[in-house]
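# Geometric and topological summary
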Amino acid sequence: MAKPQVVVAPVLMSKLSVNAPEFYPSGYSSSYTESYEDGCEDYPTLSEYVQDFLNHLTEQPGSFETEIEQFAETLNGCVTTDDALQELVELIYQQATSIPNFSYMGARLCNYLSHHLTISPQSGNFRQLLLQRCRTEYEVKDQAAKGDEVTRKRFHAFVLFLGELYLNLEIKGTNGQVTRADILQVGLRELLNALFSNPMDDNLICAVKLLKLTGSVLEDAWKEKGKMDMEEIIQRIENVVLDANCSRDVKQMLLKLVELRSSNWGRVHATSTYREATPENDPNYFMNEPTFYTSDGVPFTAADPDYQEKYQELLEREDFFPDYEENGTDLSGAGDPYLDDIDDEMDPEIEEAYEKFCLESERKRKQ
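Residues numbered from 1 in each chain as written. Predicted model: local features only at pLDDT ≥ 70, side-chain atom pairs only at ≥ 80, totals over all residues. Heavy atoms only, no water.

- By the naming in an unreviewed UniProt entry, the chain goes by Polyadenylate-binding protein-interacting protein 1 and is assigned to Gorilla gorilla gorilla.
- Taken from UniProt, the Subcellular location (unreviewed entry) comment for the chain reads in full: "Cytoplasm".
- UniProt annotates the chain under Subunit (unreviewed entry) with the comment "Interacts with the RRM1-RRM2 and C-terminus regions of PABPC1 in a 1:1 stoichiometry. Interacts with EIF4A." (UniProt positions renumbered as here; feature names shortened; annotations may be inferred.)

### A word on the confidence of the model for the chain
- Chain-level pLDDT for the chain is 75 on average; 61% of the residues reach the 70-or-more range.
- For the stretch residues 1-43, pLDDT sits under 50, and the model shows 67 contacts to residues farther than four places along the chain or on other chains.
- Scored below 50 in pLDDT, residues 270-275 makes 6 contacts in the model with residues more than four places away or belonging to other chains. (pLDDT = per-residue confidence, 0-100. Contact = heavy atoms within 4.5 Å.)

### What about the packing of helix α9 (residues 182-197) against helix α11 (residues 229-243)?
- For the pair α9 and α11, the least separation of the axes is 11 Å and the interaxial angle reads 10°. One element, α9, and the other, α11, form an angle in the roughly parallel class. Residues R189, L192, N193, F196 and S197 of α9 touch α11, and the partners they reach there are D229, E232, I233, R236, I237 and V240.
- Partitioning the contact of α9 with α11 into residue classes produces 5 nonpolar, 2 polar and 4 charged. (Axes fitted to C-alpha atoms, helices over the stretch in contact; angles between N-to-C directions. Helix = DSSP H or I, 4+ residues; strand = E, 2+ residues; numbered from the N terminus. Parallel < 35°, antiparallel > 145°, perpendicular 65-115°, else oblique. Nonpolar A, V, L, I, M, F, W, Y, C, P; charged D, E, K, R; others polar.)

Structural data, given as structure tokens:
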């Protein structure tokens, strides 16, 4: 069967011409396909095609691997102008920052397109335009962090998307080595500063989410450079727990985060006498790793080859803090034993950690 031809229509910018049903990834809405079978005269715009694909990925994230190559090939046939590339970047950015749980998939999509889109106009290639778009939001971080509830919620979506970009966007060096974008590492540090400088509950919850997502990778990167940024962040958290006028449950979230970091972000490494323990040289490397379950009830641990992808899907399926909205509002309803404990008193472990914080802080202040 001949490959479908995709052309840019001369009258309307970014129009697509479709000559075969294979143009559509599997899973597309039947009404969208039937419009061609019924002889619809209008061609879909680039925006309509991309938006349908993004919605398709949102509903069926498992189709990414099988359909992304065809999607990129189609874009290479129709994204031929600066305006079209800008439009593509904006569509993906909006989907990744407005649709719950699409930030991870959006970051993966951005990484793939940054390596496979052939257009590279004078205004910048896909990755450069994407980072420019993110910088637009980044530059108003301080105003956004202290803005109204709607502004803060939009800002938090941007923060978490940038965290996913940092983890997923691969930069190829001159020698072929693959690294992360250092500029995003710097940006995340400043975004954390903005969140902690405005310690409202929803800002702090966003900071906790970002650190649970990227904390281990950020700390490793900072340590490689001899930087103590994570120590400074932990100090900020300590100050918030002791002094900020945030809710008790948010303080518990912060303390739990500090506890997670003190356990090397949950990465349990068995000690080795003569060499660093790795999965290859230490059979007990994953012994103490927790067991998780996929949506189908299949158990998996860090020893699973597909652990990273399965764990990310778990995070997307269950939010970090399902009992709270972004502003910390209780959504669990009456009778929740966890929240009942919070109302009465802290958990023993949390109370002990809080007391240690207080004692340590008092000791530092007397020095």
